[in-house]
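Here's the letter readout for the chains.
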Amino acid sequence: MRFVFLRRRRVRLGLAALGLLTLTALIYYARCLPEPLFNTPYATVLEDQQGRLLGARIAHDEQWRFPRTDKVPEKFATALIAFEDKRFHHHPGVDPIAVARALWLNLSRGEVVSGASTLTMQVIRIARAGQPRHLGEKLVEAVWATRLEWSADKAEILALYAAHAPFGGNVVGLEAAAWRYFQRAPDQLSWAEATTLAVLPNNPALIHPGRNRAALLAKRNRLLVRLHKNGVFDEVTLQLAQSEPLPDKPYALPRLAEHLVDRLHSERPNGGRYQSAIQADLQKNSQAIVNRFQEKLEQNGVYNAAVLVLDNRDKRVIAYVGNSSTRLNTRERGRHGRAVDIIPAARSTGSTLKPFLYGQAMDAGLILPNSLVRDVPSHFGSYQPENFDTEYSGVTPASRALARSLNIPAVRLQHQLNTARFHATLRELGMTHLTRPPNHYGLTLSLGGAESSLWELAGMYAGIAWNLNQPERSPSQQKAWRPPQLFATQPEKTATGDQGQAVISKASLWYVSEALTQVDRPESHGLWRYFSSSRKISWKTGTSFGFRDAWSIGYTPRFTVAVWVGNADGEGRPGLTGVSTAAPIMFEIFDQLPRETNWFAKPHDTMKEIAVCGASGYRAGVDCTPVKQMAVPRGALRAPICSYHQSFFLDPSGQYRADSDCFSPSALTRAIQFVLPPVEEYYYQQRRADYQPLPELHPDCAAKNPPSRNMALVYPRRQTRIQIPIQLDGTRGKAVLKAVHRRAEARIFWHLDKTYLGATRDFHQMPVHPPQGRHRLVLLDEFGERLEQEFTVVR
């Protein structure tokens, strides 16, 4: 009994051990494959919207290994299976027939002449690279191969092989090999090219130029004959394929968007495949245009340019030229910053933010679309802005001031609006480079005192077009101000702060867009209005201080084209302006885009029709003439009423102003006239010969009436702080005080701190060098009018 008991116990223990061993084996078998099977770095591959290769960067292990694709081209798959594993579609990872054949051959010949590896086993061997080659490793490969067949279908296994097989040198995978050896995608390979690559992983060294070429050619041709015998193709195809030469040395890969590829490669170190929304043909043409203009710009010491083109329907990037790529040697290329991707780089904005300022000013009720804005010498403390041409218009319509990109009206508007308010709006529109508080930028914010990038500005201008393309009463602008979308499929990111409230109203954006169509184009495009075939474009240029950055950004309902020209190191060059260097590039790229027949519809539902003064552009007052009806943004209903029309009486001759103290009321004629303040009038009438100043007061009336306001100070203005510079010889310079008078022949007598300085006629300017501190300036004219102004001289 004891013996039987012990025997049963041993059996139970044996069965338990066998069960445990079986369970362990099953667990090992289920978990033997690593996840992922291949843990290797990949090249960074960028494709266009149709999947065509734009460029690639080698993997970090210095191998040209493209990320796996799900589909293997039929020609390569047919050739590979015929050459490596003709029963591939029928075995479970290990081919028993091939194993039996290999055993018989190896035993009968006394040496290893056949390996019996299937394609699945070769995938495992590549995944386990570096393992010693012996029988035990062969068994592991066989086990792993059956496990891979259990978890993946045949198409997946073929894709794994095609993505990781060696093709000679540092070329890994079918796709990299097709581009390196034949300059085309795998699905475009001929039969000769496909069979060449099918036989290559069996002996990758055959690809080296000058060595083993005959062996590779013979191997390829034998496979072609086999495919012909299998009925894959006909005799003519066989002969044509056999006549094709073998590839020479590897080709360089396409470089259609090299800076974007570099950007992706640095941001994603493990590589990957990225399908962009870029259009390959447009990308190629845009790069060629940039390079052609760059050759001319280099003559002026300007070495860099960048272009970004967006489709406004979804803000997808359809062309990305990060820098020019004209031929330079390696040293010059590095010295001139050709490797720098300009598009995300922060640069001075120049005047490119003015459209958003004018739009916000309309919504705030500061101006109407054509309101007259002041364009006269202006001082804000020690800050004195100037127009680019250093001239003044006196007053000009807001739309024209925007089209001409006048600096002084923009600064005055920003001052009225409040810099902090404008700063907050720009942040909502997507300007992430505004990292400092508003007072850091001050009134220079709209003139280039801030930094942004081509990426951000293109997105902001495309946001205008996106807004205007939406149906009336669109509920939100949230999508309008999201960043540009780089990839064909990409989660949408929205700008912060906009939760349904319009950042800038659609009505104001429409008027801004209309004003920007009137910007004077470069000489070669200056007559566009006279040709029906010309494209209507809203566009804006910008030039930063010191001629360091030149911008030109334009948009239509469908497209936005943004261009930057300059030097990556920030060196300024004479003549580097937006209109002369960046704008011609922008217009040529627009010529590459499809024509559009529609323009932005006027958003009537977001406007209100009011009476507007035809002369001043403000809300019509009782004395305004002419008066016209105009649909304006609803926010602009708070705009001021016109104050430029004055009502007065004329004497019987109609030449002088008069009143009832001098003439009988029945002899007087009431008149209304458009009259500007003295400073504005002084500059305005220099450009407008048709301007009629206010008639002089009749001599008989002048003695009975106090003098009217005929004199005004241009500089200094109220509460001005003057800083007098030190000259090169160490002495203090002078401040030039300036005044204007309605009467050209009038004399002005100048007094500073009760000290008589002198008299001026015609041009009323007085140089002074007062000491530090507070001073009082008094001006008297010969008609008795008096002006007083205090100012402070600071260090």
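Residues numbered from 1 in each chain as written. Predicted model: local features only at pLDDT ≥ 70, side-chain atom pairs only at ≥ 80, totals over all residues. Heavy atoms only, no water.

> Explain the overall build of the protein chain residue by residue, including any values.
In terms of regular secondary structure, the protein chain is built from 23 helices and 27 strands. Computed over the C-alpha atoms, the radius of gyration of the protein chain is 39 Å, more than 25% above the 28 Å expected from 2.2 N^0.38 for a compact globule of 795 residues. Oriented by its inertia axes, the alpha-carbon framework of the protein chain measures out at about 145 × 75 × 60 Å. With 795 residues in all, the protein chain has 52% of them scored as buried. Put simply, of all contacts in the protein chain between residues at least 6 apart along the chain, 67% involve residues at least 24 apart. As displayed, the protein chain offers around 38,400 Å² of accessible surface, 52% of which is attributable to carbon and sulfur atoms. One finds the centroid of the 98 positive side-chain charges in the protein chain at a distance of 8 Å from the centroid of its 73 negative side-chain charges. (Helix = DSSP H or I, 4+ residues; strand = E, 2+ residues; numbered from the N terminus. Rg over C-alpha atoms; globule rule 2.2 N^0.38 Å. Buried < 20%, exposed > 50% of the residue type's maximum accessible area, 1.4 Å probe, protein only. Contact = heavy atoms within 4.5 Å. Areas by Shrake-Rupley, 256 points an atom, 1.4 Å probe, with all protein chains shown as cover. Lys, Arg positive; Asp, Glu negative; His and termini not counted. Charge placed at Lys NZ, Arg CZ, Asp CG, Glu CD.)

> Run through a nonpolar patch on the surface, naming residues and quoting values.
Taken together, the side chains of Val11, Leu15, Leu18 and Leu21 present a nonpolar region at the surface, about 400 Å² in accessible area. For Val11, the location among the structural elements is in helix α1 (residues 2–31). (Patch = residues over 30% accessible without salt bridge, like charges linked within 9 Å, V, L, I, M, F, W, Y side chains within 5 Å. Salt bridge = Lys/Arg side-chain N within 4 Å of Asp/Glu carboxyl O.)

> Go over the pattern of salt bridges, please, and point to the residues and values.
Side-chain pairs of opposite charge can arise whenever the charged atoms involved come near each other. For the structure on display, the rule yields 32 salt bridges. The shortest N-O distance in the salt bridge between Asp48 and Arg52 comes to 2.9 Å. With relative accessibility at 0%, the residue Asp48 sits in the buried group. On the basis of relative accessibility, which here comes to 37%, the residue Arg52 falls in the partly exposed class. One salt bridge connects Glu267 with Arg263, and the closest N-O pair in it is separated by 3.5 Å. Of this pair, Glu267 and Arg263 both sit in helix α11 (residues 258–267), four residues apart, which is roughly one turn of that helix. With a relative accessible area of 47%, Glu267 lands in the partly exposed category.

> Any details on the environment of Ala142? Residues and values, ideally.
Among the structural elements, Ala142 can be located in helix α5 (residues 135–151). Residues Ala142 and Arg125 lie 17 residues apart in sequence; the distance between their C-alpha atoms is 9.6 Å. Not counting chain neighbours up to four residues away, the residues in contact with Ala142 comprise Val94 and Met121.

> A description of the packing of aromatic side chains should follow, citing residues and the corresponding values.
Tallied over the entire structure, the rule returns 15 aromatic pairs. Centroid distance Phe674 to Tyr691: 6.5 Å. Interplanar angle 85 degrees. Geometry classified as edge-to-face. Within this pair, whereas Phe674 is found in strand β19 (residues 669–674), its partner Tyr691 is found in the loop between α22 (678–687) and α23 (699–702), the two being separated by 17 residues in sequence. Ring plane angle 85 degrees and centroid distance 4.9 Å describe the contact between Tyr682 and Tyr683, whose orientation is recorded as edge-to-face. The two residues Tyr682 and Tyr683 agree in class, both being buried. Each residue in the set Phe356, Tyr461, Tyr555, Trp599 and Phe600 is aromatic and connected to the rest through ring pairs, giving one cluster. In this arrangement the basic side chain of Arg128 is found over the ring face of Trp144, its NZ or CZ atom lying 4.6 Å from the centre. Taking the ring centre of Phe88 as reference, the NZ or CZ of Lys154 above it sits at 4.6 Å. (Phe/Tyr/Trp six-rings, centres within 6.5 Å; stacked < 30°, edge-to-face > 60°. Lys NZ or Arg CZ within 6 Å of the ring centre and 35° of its normal.)

> I'd like to hear about the pairing of strand β21 (residues 720–723), residue by residue, with values.
Burial along β21 is one-sided: Thr720 and Ile722 are buried, and none of Arg721 and Gln723, which face the opposite way, are. Alignment of β21 against strand β27 (residues 786–794), held across four bridges, turns out to be parallel. From the neighbouring strand, Thr720 faces β27, where its bridge partner is Phe791. (Pairing = 2+ DSSP bridges.)

> Could you give me a rundown of unusual backbone geometry, with the residues and numbers involved?
Between Thr625 and Pro626 the backbone carries a cis peptide bond, its omega angle lying at -5 degrees. The residue Pro626 is located in the loop between β15 (607–613) and β16 (627–633) in this model. With an omega of 5 degrees, the peptide bond running from Tyr715 to Pro716 counts as cis. Here Pro716 is to be found in the loop between β20 (711–715) and β21. For Thr390, which is not glycine, the phi dihedral falls at a positive 60 degrees. Inspection of the secondary structure puts Thr390 in the loop between β9 (372–375) and β10 (394–397).

> Talk me through helix α4 (residues 119–127); I want residue IDs and the actual numbers.
Buried within α4 we find Leu119, Thr120, Met121, Gln122, Val123 and Ile124. Those residues of α4 hidden inside the fold are in contact with α2 (74–84), α5 and α6 (154–164).

> Can you break down the environment of His259 residue by residue, with the values?
Locating His259 in the fold gives a position in helix α11. Overall, His259 belongs to the buried group, its relative accessible area being 4%. Sequence-wise, His259 and Gly55 are 204 residues apart; in three dimensions their C-alpha atoms are separated by 9.5 Å. With residues near it in sequence (within four places) discarded, His259 still touches Gly322, Asn323, Ser324, Arg338, Ala339, Val340 and Asp341.

> Requested: an account of the sheet that holds β21, with residues and values cited.
With respect to topology, five strands assemble into an open sheet ordered β21-β27-β26-β23-β24, the strand pairing being mixed. Every interior strand has two partners, whereas the edge strands, β21 and β24 (755–761), have only one. Direction aside, neighbouring strands of the sheet carry axes that sit 30 degrees apart on average. For strand β23 (residues 747–752) and β24, the ladder comprises six bridges, and the chain directions are antiparallel. Bridging from a neighbouring strand, His751 pairs with Tyr756 of β24. (Axes fitted to C-alpha atoms, helices over the stretch in contact; angles between N-to-C directions.)

> Describe the packing of helix α9 (residues 213–229) against helix α10 (residues 235–243), with residues and values.
One can describe the packing of α9 onto α10 by two numbers: an axis separation of 10 Å at closest approach and a directional angle of 170 degrees. Between α9 and α10, the angle falls in the class roughly antiparallel. Within the contact between the two elements, α9 uses Arg220, Asn221, Leu224, Val225 and His228 and α10 uses Glu235, Leu238, Ala241 and Gln242. (Parallel < 35°, antiparallel > 145°, perpendicular 65-115°, else oblique.)

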